[in-house]
Amino acid sequence: MTTTAPTLDESIERMKQEIIEDVKAGRVPAECPSFSALHDYVDANCYGGFCEDDVMQSLLDHFGGRDENEGMPDDLMDYLNAAQDAINRWIKEGGIQKLAQASPISRPKPNVREIDE
């Protein structure tokens, strides 16, 4: 079964949604300042499905497959870098906070005993 490669915009939107899901789940703080800081909490390189075999295979097929040294095609590296750069700009412009404010974030409830003490 052949999967169509996602467009750059589709990958970026998926990355945003996955980051927001991680914020809601408490894995990533809403105050995370950059794409590189996401790595303190998760493998940020996997956002956008980039660690899923079918997504990566569709992108490899789209960009020409691996070279003789099993490296990624330059155009695929450019694609991945462009997606990460776009997410970095989005985070620095307050994108996580804007989306996080639009929907409730699950936070651990305080222990009642801690409040009484």
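Residues numbered from 1 in each chain as written. Predicted model: local features only at pLDDT ≥ 70, side-chain atom pairs only at ≥ 80, totals over all residues. Heavy atoms only, no water.

Another point: the overall build of the protein chain. Each helix and strand counted, the protein chain has six helices and zero strands in total. Taken from the N to the C terminus, the helices and strands of the protein chain come in the order α-α-α-α-α-α. Burial status across the protein chain gives 38% buried among its 117 residues. The contacts in the protein chain between residues at least 6 apart in sequence include a share of 64% that link residues at least 24 apart. Accessible area of the protein chain: about 7600 Å², with a carbon and sulfur share of 47%. (Helix = DSSP H or I, 4+ residues; strand = E, 2+ residues; numbered from the N terminus. Buried < 20%, exposed > 50% of the residue type's maximum accessible area, 1.4 Å probe, protein only. Contact = heavy atoms within 4.5 Å. Areas by Shrake-Rupley, 256 points an atom, 1.4 Å probe, with all protein chains shown as cover.)

The next point concerns the side chain of Ser 58. Tracing the backbone through its elements, the reader meets Ser 58 in helix H3 (residues 53-63). Those residues in contact with Ser 58, other than ones at most four positions away along the chain, are Thr 3, Thr 4, Ala 5 and Pro 6.

Mean pLDDT over the protein chain stands at 85; residues scoring 70 or higher make up 80%. At the level of individual helices and strands, the protein chain shows its lowest average pLDDT in helix H6 (residues 112-116), which scores 44, and its highest in helix H2 (residues 35-38), which scores 97. (pLDDT = per-residue confidence, 0-100.)

Packing of helix H1 (residues 8-24) against helix H4 (residues 74-92) leaves a shortest axis separation of 10 Å and a crossing angle of 50°. With respect to H4, the axis of H1 lies oblique. Crossing handedness for the pair H1 and H4: right-handed. Residues Leu 8, Ser 11, Ile 12, Met 15, Lys 16, Ile 19 and Ile 20 of H1 touch H4, and the partners they reach there are Tyr 79, Ala 82, Ala 83, Gln 84, Ala 86, Ile 87 and Trp 90. (Axes fitted to C-alpha atoms, helices over the stretch in contact; angles between N-to-C directions. Parallel < 35°, antiparallel > 145°, perpendicular 65-115°, else oblique. Left-handed = near helix turned anticlockwise from the far one by under 90°.)

In this section: the pattern of salt bridges. Tallied over the full model, the rule gives four salt bridges. Residue Lys 16 is joined to Glu 13 by a salt bridge in which the shortest nitrogen-to-oxygen separation is 3.3 Å. Here Glu 13 and Lys 16 lie together in helix H1, a separation of three residues that amounts to about one turn. Relative accessible area serves as the criterion here: at 40%, Glu 13 is assigned to the partly exposed category. Between Arg 14 and Glu 18 there is a salt bridge, with the nearest N and O atoms lying 2.5 Å from each other. (Salt bridge = Lys/Arg side-chain N within 4 Å of Asp/Glu carboxyl O.)

What follows covers the packing of H3 against H4. Following both chains from N to C, one finds H3 and H4 inclined at 130°, their axes separated by 8 Å at the closest point. Our classification of the angle between H3 and H4 gives oblique. In terms of crossing hand, the pair formed by H3 and H4 is right-handed. Of H4, the residues touching H3 (which contributes Met 56, Leu 59, Leu 60 and Phe 63) are Asp 75, Leu 76 and Tyr 79. Here the residues of the contact of H3 with H4 sort into six nonpolar, no polar and one charged. (Nonpolar A, V, L, I, M, F, W, Y, C, P; charged D, E, K, R; others polar.)

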